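Each chain is listed here by its residues.
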Amino acid sequence: MPRSTLTASLLAVALAVSGPALAQKAGQHGGQTAVVAGHHDAELVIEPTRLVLYLTNHGKPLSAKDNTIKATVQDAGTKSEIKLTVEGDHLVGPLSTPLNKGAIVLLSGKTEDGHGVSARFTVR
C-alpha cells in the first residue's frame, strides 16, 4: 500500500474514532459533559467566579452530599487546586479570577457510591 494511502486511511480512522469526543454536547445546565466511572456523567459549568459540577448515575441526579471531588486548574502557567463543596444537588468551587480560554480543569475523587471520578475539561 502506498505511503500516502496508508496515511490517509489512518487519518480517516482517527477522525472516525474521535468523532463522538469532538461532537460533545452541552449538558442540561449548559456545561461541558464527560462520562466518568463508566456510567456516571459529569457536567462542569464554568462561571466567572466558580465551578459548578453536576453528577448523574444512569441519567438520574446523584446526591452531592458524600462526594469527595477536587478540581485542579491549569491556567496561564499556574496550577491551583479547588476543593468542591456541596451546594444543593451539585458541587461548587470558588475561582479567584475567571479562567482564560484554553485553561484545563481536571476533576478527581470519588462519588458517594465509591466510584472514582477522573475527567478533563478545556475552557472554550
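Our subject is the structure that appears above.
Residues numbered from 1 in each chain as written. Predicted model: local features only at pLDDT ≥ 70, side-chain atom pairs only at ≥ 80, totals over all residues. Heavy atoms only, no water.

Asker: Pulling in residues and values, what's your account of the nonpolar core?
Answerer: If you look at the biggest cluster of nonpolar residues, it comprises 24 residues, and the most contacted ones within it are L51, L53, I69, L84, L99, V105 and L107. Elements represented by at least two residues in this core include exactly β1 (32-36), β2 (40-46), β3 (50-57), β5 (68-75), β9 (104-110) and β10 (116-122). Not counting residues up to four positions away in its chain, the partners in contact with L53 are A42, E43, L44, I69, L84, H90, L91 and L107. (Core = buried A, V, L, I, M, F, W, Y, C linked by side-chain atoms within 4.5 Å. Buried < 20%, exposed > 50% of the residue type's maximum accessible area, 1.4 Å probe, protein only. Helix = DSSP H or I, 4+ residues; strand = E, 2+ residues; numbered from the N terminus. Contact = heavy atoms within 4.5 Å.)

Asker: So what's going on with the sheet that holds strand β6 (residues 78-83)? Residues and values would help.
Answerer: Pairing between the strands of a sheet is mediated by backbone hydrogen bonds and can be parallel or antiparallel. Strand order across the open sheet formed by four strands is β6-β5-β9-β10, with antiparallel pairing between neighbours. Of all the strands in the sheet, just β6 and β10 have a single pairing partner and so form its edges. For this sheet, the mean inter-axis angle between neighbouring strands, taken without regard to orientation, is 15 degrees. Where β5 meets β6, six bridges bridge the pair, whose relative direction is antiparallel. Residue pairing across strands places A71 opposite I82, the latter belonging to β6. (Pairing = 2+ DSSP bridges. Axes fitted to C-alpha atoms, helices over the stretch in contact; angles between N-to-C directions.)

Asker: Outline the pattern of salt bridges, supporting the account with residue identities and numerical values.
Answerer: Evaluated as defined, the whole model comprises four salt bridges. Linking R50 and E47 is a salt bridge whose minimum nitrogen-to-oxygen distance equals 2.7 Å. For E47, a relative accessible area of 27% translates into the label partly exposed. In this structure, D66 engages K65 in a salt bridge whose closest nitrogen and oxygen atoms are separated by 3.9 Å. If you follow the salt bridges from partner to partner, you end up with E47, R50 and E87 in one network. (Salt bridge = Lys/Arg side-chain N within 4 Å of Asp/Glu carboxyl O.)

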